[in-house]
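Here's the letter readout for the chains.
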Amino acid sequence: MSRSALGIFIFIDAFGWKVLHKHRPDFLGDLLPTRMPLGTVLGYSATCVPTILTGKRPREHGHMSFFRYDPECSPFARYRWMRLLPKVVAERGRVRRMLSRFVKQSLGYTGYFQLYNVPFGDLPLFDYTEKMDLFAAGGINGGCPTIFDALREQGIPFHVSDWRRDEPDNLGALETAVREGTIRFAFLYLAALDGVLHAHGTDSPRVTDKMNWYESQIRHIIEVASGVYEPVHVHLFSDHGMTDTVDTCDLMARIKALGLDFGTDYAAVYDSTMARFWFLSERARDRILGALQKEPRGRILSDEELGEFGCDFEDRRYGELFFLMKPGVLINPSFMGITPLSGMHGFDPLDIDSVASYLTNAPSAVAPKRLDDLYAIMASEVGLTVVDPTAINPTATHATGDRR
Ligand SMILES: [Zn+2]
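Residues numbered from 1 in each chain as written. Predicted model: local features only at pLDDT ≥ 70, side-chain atom pairs only at ≥ 80, totals over all residues.

### Some points on the overall build of the chain
1) Next: Scanning the chain from N- to C-terminus turns up 14 helices and 16 strands.
2) Next: Expected size for 404 residues packed as a compact globule is a radius of gyration near 22 Å; at 21 Å, the chain falls within 12% of this value.
3) Next: Viewed in the frame of its principal axes, the chain has a C-alpha envelope of about 75 × 45 × 40 Å.
4) Next: Classification of the 404 residues of the chain by burial places 42% in the buried group.
5) Next: For the chain, the share of sequence-separated contacts (at least 6 apart) that also reach a separation of at least 24 residues comes to 77%. (Helix = DSSP H or I, 4+ residues; strand = E, 2+ residues; numbered from the N terminus. Rg over C-alpha atoms; globule rule 2.2 N^0.38 Å. Buried ≥ 20, exposed ≤ 12 C-beta atoms within 10 Å, placed from the backbone. Contact = placed C-beta atoms within 7 Å.)

Shown next, in the form of C-alpha cells:
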C-alpha cells in the first residue's frame, strides 16, 4: 500500500535570518536545504501570527497590537479599583501576572492575555484585541478564516500545538499524532527561543544551545514522520527576528511633560518599539507632533509607509499617528514593561534584524517573500485553493509598496 503525504509546518518564534546565520548557518542544512529570508510585518506576535494563519495583511484580518484606544468598547471599567493599588505593588511583575489571570478569567477570554504595564487608571480607555484563541475555530476578529478554519471546513485531519503548553509537551504531542498516521497536516508551535533572545540578546551562547536542541528534536520528528508518511514536506519558519537593545528612550515622560490631559486631550499606547497616538483636542496634536519631531531616535510613519506595511486601517483604530523607534532603541518605561530587555522585535520590518527565516525540503514554484505568503504554501500542501485576497478585498489593491 502506498503511503500518504504529510506537510509539517514548524513555527519558531523569533528565529530570525540574522540569528540563524550568527549561530547555526548549517541548522538542519542536510534536511532543509532550501533557505531564504522571509519579510515580516509591523508589530509583534499579535500582528505576525494572524498574518501567517490567514495569509492576509493586518488591515484585512484586523489584528495589530493588543491595546487600542476605544473607551466605548473597553471591557476594563469594572476593574477601575485596580488603580488604587499602591505603585510598589502594582508594578510588581508577579502581581500583574496574577491580576492578568484574574481579568482574563472573569472576562472569559480564550486568547493570549496580559495586562503588561498598562497604567491601571487608564485601562478603561482601552480595548484588548486578542480576546479569542487565534488557533481555535473562528479565532480571528471580523471572522477572516485561518488555515485551521479551512482545514476544519474541508474535513482534513490535522494536528496543531497548544500554545499554552511548553515545547517538550508540544513535541511529544506531535510525535504521537504523527505515529498514529491519520493526519495530513501538522503545525508545530515553538516559542521559547523568543524568550531566550529577549533575556540574553542575539550574541548569547544560550541561543546556540537552544538551536542545537531544536535541531535534534526536529530531526527526530522528521525521522519518525518519514517512517510513516511519504513524502514528508517540512516548512520551518519564524514570525520575525530580534534586535539587540542599544539605547532606551523615556518617551512617556517627554509627552507627559507637555501638560496635556491623558484621556481628554489625547490617548496613547506605548508599545516597546513604537508609540501610537489618538488626538482628542487640537492643542494636543500640535504639541505632541512638536515633541516627536524633536526626538531623532524615532520617526513618524507616513500614510504611505503604513500602507506598505498593511497597517493603513481606514478607521485608524490602532492609532492616528505611529511613532516608530530606530532599531535597537526601546521605549522605556512603556506599557509593556519597566525593565529594558536585552533584545526586542517590532522595529522597522525592512531592517535586516527584523527579517524572519524560511527553510524547507519542498520549495514551491513561487518562493514566499513575506509572512502572508505562507498561507498559500500551507493550503497547497493539502490541496486547498487560495482565493486571491485582492479579489475579495478591494482595499488590498492600494498597497503601493507591496513587495510580492
Ligand atoms: Zn517576543
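### Focus: the sheet that holds strand 6 (residues 185–190)
1) Next: In spatial order, the strands read 2-16-7-1-6-5; together these six strands make up an open sheet with mixed pairing. Here the strands that pair on one side only, and so sit at the sheet edges, are strand 2 (34–38) and strand 5 (158–160). Neighbour to neighbour, the strand axes of the sheet diverge by 15° on average, direction disregarded.
2) Next: By the bridge criterion, three bridges tie strand 5 to strand 6 in an arrangement that is parallel. By the bridge assignment, Val160 is partnered in strand 6 with Phe187. (Pairing = 2+ DSSP bridges. Axes fitted to C-alpha atoms, helices over the stretch in contact; angles between N-to-C directions.)

### Side note on the nonpolar core
1) Next: Formed by 105 residues in total, the largest nonpolar core has its most connected members in Ile8, Ile10, Phe11, Ala186, Leu188 and Tyr266.
2) Next: Not counting residues within four places of it along the chain, the set of residues in contact with Ile8 comprises Ala186, Leu188, Ala225, Val232 and Val234. (Core = buried A, V, L, I, M, F, W, Y, C linked by C-beta atoms within 7 Å.)

### Comments concerning the confidence of the model for the chain
1) Next: Per-residue confidence for the chain averages 91 on the pLDDT scale, and 95% of its residues sit at or above 70.
2) Next: This stretch, residues 389–404, has a pLDDT under 50; its non-local contacts, to residues over four places away or in other chains, come to 23 contacts. (pLDDT = per-residue confidence, 0-100.)

### Overview of the sheet that holds strand 13 (residues 321–325)
1) Next: Pairing within the open sheet is antiparallel, and its four strands lie in the order 10-11-13-12. At either margin of the open sheet sits one strand with a lone partner, and together these are strand 10 (266–270) and strand 12 (298–300). Within this sheet the neighbouring strands show an average axis-to-axis angle of 20°, counted without direction.
2) Next: One ladder, built from three bridges, connects strand 12 with strand 13; its direction is antiparallel. Paired with Gly298 across the two strands is Met325, which belongs to strand 13.
3) Next: Along the sheet, helix 11 (residues 282–293) makes contact with strand 10, strand 11 (274–279), strand 12 and strand 13, crossing strand 11 at roughly 160°.

### Focus: the domain arrangement of the chain
1) Next: Domain parsing of the chain yields domain 1 (6–60 + 136–242 + 349–398), domain 2 (67–128) and domain 3 (246–340).
2) Next: Centre-to-centre separation of domain 2 and domain 3, based on C-alpha positions: 21 Å.
3) Next: With nine residues of domain 2 at the interface, the matching set in domain 3 holds 13 residues.
4) Next: Broken down by class, the residue content of the side of domain 2 that touches domain 3 amounts to five nonpolar, one polar and three charged. (Domains from an automatic or database assignment. Nonpolar A, V, L, I, M, F, W, Y, C, P; charged D, E, K, R; others polar.)

### Looking at the pairing of strand 10
1) Next: Among the five residues of strand 10, five are classified as buried, and the element is accordingly described as predominantly covered.
2) Next: Where strand 10 and strand 11 come together, five bridges link them in antiparallel fashion. Bridge assignment links Val269 to a residue of strand 11, and that residue is Arg276.
3) Next: Between strand 10 and strand 11, which pair antiparallel in sequence order, lie three residues.

### So, the pairing of strand 1 (residues 6–12)
Along any regular strand, the residues point their side chains to alternate faces of the sheet.
1) Next: Here strand 1 lies mainly inside the structure; seven of its seven residues are buried.
2) Next: Of the two faces of strand 1, the one lined by Leu6, Ile8, Ile10 and Ile12 and the one lined by Gly7, Phe9 and Phe11 are each fully buried.
3) Next: Pairing of strand 1 with strand 7 (residues 232–237) involves six bridges; the strand directions are parallel. Across the sheet, residue Ile10 finds its bridge partner in strand 7, namely Leu236.
4) Next: Strand direction decides the pairing type here: strand 1 and strand 6, joined by six bridges, are parallel. Its bridge partner being in strand 6, Gly7 is matched across the sheet by Phe185.

### A short note on helix 5 (residues 93–107)
1) Next: Taking 1.5 Å as the rise per residue, helix 5 with 15 residues should run 21 Å; its terminal C-alpha atoms sit 21 Å apart, in good agreement.
2) Next: Backbone geometry just downstream of helix 5 places Gly108 in the positive-phi region, at approximately 70°. (Expected span 1.5 Å × (residues − 1).)

### Concerning the packing of helix 7 (residues 167–180) against helix 9 (residues 205–228)
Packed helices, taken two at a time, are described by the angle their axes make and the gap between the axes.
1) Next: Where helix 7 contacts helix 9, the two axes come as close as 9 Å, and the packing angle between them is 10°. The angle between helix 7 and helix 9 places the two elements in the roughly parallel class. Along its contact with helix 7, which presents Leu171, Leu174, Glu175, Val178 and Arg179, the element helix 9 presents Gln217, Ile221, Val224, Ala225 and Val228.
2) Next: Tallied by class, the residues present in the contact of helix 7 with helix 9 amount to seven nonpolar, one polar and two charged. (Parallel < 35°, antiparallel > 145°, perpendicular 65-115°, else oblique.)

### Regarding the environment of Ile300
1) Next: Tracing the backbone through its elements, the reader meets Ile300 in strand 12.
2) Next: With 22 residues separating them along the chain, Ile300 and Phe322 place their C-alpha atoms 5.7 Å apart.
3) Next: Excluding residues within four positions of it along the chain, Ile300 makes contact with Leu292, Leu321 and Phe323.

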